[in-house]
Amino acid sequence: MSFGLLNFWMLFGLAAVIIPPLIHLLNRRRYNVVDWGAMQFLHVSETTRRRLLIEELLLMLLRMGLIALLVLALAAPYAVSPFLAQVGGRPNRDVVLVFDGSYSMGYRDGTGKTPHEAAKEWAAAFVKDLTPGDSVAILQARQQVIPVVGEPTHDLDLALDKIATLSAPRGGCDWPRALHEAQKLLATRSKGGHREIVLLSDGQRHGWADSAALFRWEMLAVNLRAAAKDSEADEADVKPRVWAVNVSPKRPADPPNYALAPLSSTRAVAWAGQRLKFKTAIGVAGSQAYEPPHRIRLEVDGKFVANLPAPAKAPLSNVQVPLTFKHRFEAPGSHLVSVILEPDVPEGKRPQGYQVKDTLPGDNRQDMAVEVVDALPVLLVDGDASLSPESSTYFLDRALAQSPDPKKPSVVLTRVVTAKDFDPALLRTDLDKDRPGSRPRVLVLADVPRLTPAQQQGVAQFLKDGGGVLVVLGERVETEAAFYNEQLYRGGAGWLPARLDQVAGDRAKPELAAAPDLRRFHHPSLELFREEPNCTLGKARFPRWWKVSTGGQTTSVPVALLTTTDPLLVEKAYKGGRVLLCTVPLDRSWDANLPSVWEFPVLAHELIYYLADTRSAEHNLRPGQPLRYRPRPSAVGEAGDRGLSLLLLYPPEGEPRLFPYSPPQNSDGAATQENSLPAEVLWEAPDGPPRRLKVERSALRNESLRDTGVYRVVPCRLAAGESGGSRLQPQEGETSYYVMQPDHRESDLTPASDADRRKVASFVPMQYENEHRPMTAAMVTSSQTQDLWWWFMIGVILLLCGEVWMTRRMVKNREAGT
């Protein structure tokens, strides 16, 4: 037991206890005793004299104790003691329960419950042990923090219901961010009492104590110390007590598991009829060797397409088994490609003694969104003063006009302008007025000597909006190298990928001409040339070429080389766009013969469609990246942007949401149609009875996504309902798919060691406890501060009553003549 005082200086008031003795002594000297008459012969008995003395001493002590207890009560004493906590009760608690929402919580070995189920049972038992007056909030920690009960509530039954219906685990987990959100919640919403945060996890090292997580823990600790210093508050008030609970302490360190690697493709933008190649891999964990899985399903747009042939054996032990396949997309639009791995035989068909191969189903699916277009709009800017067969864009334009399929029209829509006629407004308008939605996706600057400031600003804005730019160097740039370096490269800060050094080669010595080095074509847009045994692209000759350097810029990467080891193509990601710098001309200048090579049209299509891939990142999202909706021309319709009124957003789980459609050029957002939209709309769900959906007040613009998985955006129009209300008319053929990719490292089930836990606790103090009852008892008794001032006030009242009683008794006795 330990004691303390909040107002220590009040103890100087104890000096007042000498006042009663002083008053007592002064009263004894107040009158002179005079002997008169026969009174001198009256003697008080010794017993009576002793009783009077004792009564006076008791009265004086009562008054001294009264003053002493009052002073001690004003000094605000407190004590820390388990006994006092149980006898005197405890303050109310504000608790935040944080659930691990990553898919490792779905581990299932077939013999018991999953860690997710165990966490729900643990939390339910903990909430039932709370007392009236306690409050609880619930968060789910995924790659983004999801509030389940966003504010501390005293309705414990509501908390139990939310725990029982907690959504299934998916994606990864960011523990430092989750703890930070829990602390912010308590700092802003807590109404007093003790604050507790309980972290419920499966003890996985990844996300808790790996190098990236430790760095985030350290940053969190720095931020918390800064917050405590800025607020000039006690550290305990800024950082509540944190408890870490492992709900799966007996899970093996390396259980058997099959997992799919992230799905990738040569590109995420294709033309209708193109056959794309996709890649993934099957990872095998545990002591088991690779065996072909039971089935691998391929789905497109949520519909079964085929069973993919599984690799018969692994190329090497303890490595991922590559899995590749091809699929042709005939219809333009947004498409979803899904690969679903089924490692084990279905439970009802397993033979006796069957050994389960997979214990973690959360990593058995991979998705990818692919955009298919009829024709890709491309704006070509020629550096020549006038367009002719000798212009820099002539052969490139002819190559793009050729269709990969002779029976079908061109898959590229081009428009050619000279540099002097290049108006930046062309990047924001349709190339063909008869084809809505034909704004340029790719800009080609072919041997353009200079750009005006307005043109430079237009190109930068085009890249910011997600466009792709191909910069082709040639002979006209030779006298303007300083302009390129100073205005476009700007020491690596500009959008040009590399610095122009000098022109190399000699047209008089064709034997020294450079050629593409196909062995070093490892770029996704150039892979097919390396794999093609009869490729003649290596026969292209460039008597002269530009030598460039990236200056050590990590954002600029050479993606193809010449036989001289000089860069052929240099790539740079700039804001939301992508730039490719080509160091050789794409025409016959400098006596180059590239346009004569049979693969030149294929190369042109591959580069252009790769640059259009920049918007694929808007459909295959990283955690925390917002959703950005761009309507397809067919969805907008003949009525223009006004033809669309609502967007129906389907999340990976839960109810869909309705948003007003806001055209990109409408700077006022959805305000122009907010007044005309109803508050609720009747939605005829395809998988259930009709129900009403609330219309959001803000437009679907850069909507933040909190969960991993597949999202669908369906444009809708309003129609009159039978009862006079409004109902939705979804345009199912115009669905746009978005995929929030999970963290595949979540498949590593290595548990955190004691040393890992100590490292985390060194940054953010926390206590590790797995059982809820010992933790509840520790919460009540270990550090409960009990105020004792009210005990002293009770003593003051009792002594005051005793003083009154003693005074009245002494008066009565004297009046009775005793």
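Residues numbered from 1 in each chain as written. Predicted model: local features only at pLDDT ≥ 70, side-chain atom pairs only at ≥ 80, totals over all residues. Heavy atoms only, no water.

Participant: In this structure, what is going on with the packing of helix α9 (residues 394-401) against helix α13 (residues 600-611)? I would like to understand it.
Facilitator: If you want to describe how two helices pack, look at the angle between their axes and the distance between the axes. Where α9 contacts α13, the two axes come as close as 8 Å, and the packing angle between them is 85°. Between α9 and α13, the angle falls in the class roughly perpendicular. The segment α9 lies against α13, with F395, L396, A399 and L400 engaging F600, P601, A604, H605 and I608. Looking at the contact of α9 with α13, its residues break down into 8 nonpolar, 1 polar and no charged. (Axes fitted to C-alpha atoms, helices over the stretch in contact; angles between N-to-C directions. Helix = DSSP H or I, 4+ residues; strand = E, 2+ residues; numbered from the N terminus. Parallel < 35°, antiparallel > 145°, perpendicular 65-115°, else oblique. Contact = heavy atoms within 4.5 Å. Nonpolar A, V, L, I, M, F, W, Y, C, P; charged D, E, K, R; others polar.)

Participant: How should the sheet that holds strand β10 (residues 269-271) be read in this particular structure?
Facilitator: Each strand in a sheet pairs with its neighbour through backbone hydrogen bonds, running either in the same direction (parallel) or in the opposite one (antiparallel). The strand order across the open sheet built from 5 strands is β10-β16-β15-β12-β13, with neighbouring strands paired in mixed fashion. Each of the sheet's edge strands pairs with one partner strand only, and the pair in question is β10 and β13 (303-307). Along the sheet, successive strands turn relative to each other by an average axial angle of 30°, direction set aside. (Pairing = 2+ DSSP bridges.)

Participant: Please clarify how the sheet that holds strand β23 (residues 556-561) should be interpreted in this entry.
Facilitator: Overall, mixed pairing links the 7 strands, which are arranged β18-β17-β19-β20-β25-β24-β23 in an open sheet. Bordering the open sheet on either side are β18 (412-418) and β23, each of which pairs with just one other strand. Direction aside, the axes of adjacent strands within the sheet are offset by 20° on average. In the sheet, strand β19 (residues 442-446) pairs with strand β20 (residues 468-472) via 5 bridges, with the strands oriented parallel. Its bridge partner lying in β20, L445 is registered against V471.

Participant: What is the right way to look at the pattern of salt bridges in this model?
Facilitator: Opposite charge on two side chains permits them to pair, given that their charged atoms come into close proximity. Using the criterion set out here, one finds 37 salt bridges in the structure. We note a salt bridge from R297 to E299, for which the minimum N-O separation is 2.9 Å. Owing to a relative accessible area of 18%, R297 belongs among the buried residues under this scheme. Given the relative accessible area of 11%, E299 is considered buried. (Salt bridge = Lys/Arg side-chain N within 4 Å of Asp/Glu carboxyl O. Buried < 20%, exposed > 50% of the residue type's maximum accessible area, 1.4 Å probe, protein only.)

Participant: I keep staring at the pairing of strand β25 (residues 577-582) and nothing clicks. Help me out?
Facilitator: The side chains of a regular strand alternate between the sheet's two faces. In terms of burial, β25 is a largely internal element, 6 of the 6 residues being buried. Side-chain alternation along β25 places G577, V579 and L581 on one buried face and R578, L580 and C582 on a second face that is also buried. Where β20 lies against β25, 5 bridges are found, and the strand directions are parallel. Paired with V472 across the strands is C582, a residue of β25. The sheet contact formed by strand β24 (residues 567-574) and β25 spans 6 bridges and is antiparallel. What sits directly across from K572, in β25, is V579. With antiparallel pairing between neighbouring strands as the criterion, β24 and β25 make up a hairpin whose turn holds 2 residues, including K575 at a positive phi of roughly 55°.

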